[in-house]
Amino acid sequence: PINVTAVDNAIIDKIVISLYNSTNDLVNSSTSAFIGSNSSSHYINFTGHADGVYTFNATVNDTAGNSNSTSSRSIRIDTTKPLVDFESATTATGNFSRTWIFANITASDTNGSGLSTITVRLYNATALINTTVSSSSPVTLNYTGLTDGRYFLNATANDTVNHVNNTTTRSI
């Protein structure tokens, strides 16, 4: 929501709040009804816009023909979870006769606020045995010296506004 308050020595005619997309195209605006006093507020909640960066400002006009505008302010709309996935070289679900598990995880948040972290976890049958956190993609890990038994591998990605997404958990 955007809330603008204006005060003028003359009578305020109207307050206009404008919303622009990242290419500076006007995508929405709201104009108050005739105000008729020297102090007023105008409130609007623009909704239904796609993820991205937007700027907004407000302009006030008085009945003497004067106008004044606020500086532009930027906001980012991010409703999208980051993408996270195992790459093909990652050890698949299944039974293997070896003492290692390889993991290659990629994550991205190209339409959102940006990737914050990727967390990769390896569990054995009873406990968490390794957690690796990275702020960049890809994350490549080779767990070696593992004893015989069942292991579980998964990864989680979160973006800078804390949207979270997970891989499936692989049972190895």
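Structure: above.
Procedures and definitions
Residues numbered from 1 in each chain as written. Predicted model: local features only at pLDDT ≥ 70, side-chain atom pairs only at ≥ 80, totals over all residues. Heavy atoms only, no water. Helix = DSSP H or I, 4+ residues; strand = E, 2+ residues; numbered from the N terminus. Rg over C-alpha atoms; globule rule 2.2 N^0.38 Å. Buried < 20%, exposed > 50% of the residue type's maximum accessible area, 1.4 Å probe, protein only. Contact = heavy atoms within 4.5 Å. Areas by Shrake-Rupley, 256 points an atom, 1.4 Å probe, with all protein chains shown as cover. Lys, Arg positive; Asp, Glu negative; His and termini not counted. Charge placed at Lys NZ, Arg CZ, Asp CG, Glu CD. Polar contact = N/O pair within 3.5 Å; in protein donor to acceptor, adjacent residues only side chain to side chain. Core = buried A, V, L, I, M, F, W, Y, C linked by side-chain atoms within 4.5 Å. Pairing = 2+ DSSP bridges. Axes fitted to C-alpha atoms, helices over the stretch in contact; angles between N-to-C directions.

Draft legend 1. Broad picture of the overall build of the protein. Each helix and strand counted, the protein has 0 helices and 15 strands in total. Relative to the globule expectation of 16 Å for 172 residues, the C-alpha radius of gyration of the protein, 26 Å, shows a markedly less compact shape. Considered along the principal axes of its C-alpha atoms, the protein spans approximately 85 × 30 × 20 Å. Put simply, the protein has 172 residues, and 34% of those count as buried. In the protein, the proportion of contacts linking residues at least 24 apart, taken out of those at least 6 apart, comes to 58%. Accessible area for the protein stands at about 9800 Å²; split by element, carbon and sulfur atoms hold 46% of it. Positive and negative side-chain charges of the protein, numbering 8 and 11 respectively, have mean locations separated by a distance of 13 Å.

Draft legend 2. Fine view of the side chain of H42. Relative to the helices and strands, H42 is located in strand β4 (residues 39–44). Assessed through its relative accessible area of 11%, H42 is described here as buried. For H42, the side chain forms a polar contact with the side chain of S30, separated by 2.9 Å. With residues near it in sequence (within four places) discarded, H42 still touches I2, N3, V4, I15, I17, S30, T31 and S32.

Draft legend 3. Spotlight on the nonpolar core. Among the nonpolar cores identified, the biggest contains 18 residues, and I101, I105, V120, L122, Y143 and L153 are the most heavily contacted of them. Elements with a minimum of two residues in this core: β8 (83–86), β9 (101–108), β10 (115–124), β12 (139–143) and β13 (151–159).

Draft legend 4. Spotlight on the sheet that holds β8. As summarised here, the arrangement of the 3 strands in space is β8-β9-β12, forming an open sheet in which the pairing is antiparallel. In this open sheet, the two edge strands, each paired with only one partner strand, are β8 and β12. For this sheet, the mean inter-axis angle between neighbouring strands, taken without regard to orientation, is 20°. Bridge analysis of β9 against β12 gives 5 bridges, and the strand direction is antiparallel. When the bridges of β12 are listed, N104 appears paired with T140.

Draft legend 5. Representation of unusual backbone geometry in the model. Cis peptide bonds are those with omega within 30 degrees of zero, and the linkage from S137 to P138 qualifies with 5°. Mapped onto the fold, P138 is located in the loop between β11 (128–134) and β12. Positive phi, close to 70°, is recorded for N162, a residue that is not glycine. With respect to the helices and strands, N162 occurs in the loop between β13 and β14 (164–166).

Draft legend 6. Up close: the pairing of β13. Counting buried positions over the 9 residues of β13 gives 8, a clear majority of the element. As defined by bridge partners, β10 adjoins β13 across 9 bridges and the pair is classed as antiparallel. Bridging from a neighbouring strand, R121 pairs with N154 of β13. Bridging between β13 and strand β15 (residues 170–171) involves 2 bridges; their strand directions are antiparallel. Bridging from a neighbouring strand, L153 pairs with R170 of β15. When β13 meets β14, the two strands line up antiparallel, connected through 3 bridges. From the neighbouring strand, N158 faces β14, where its bridge partner is V164.

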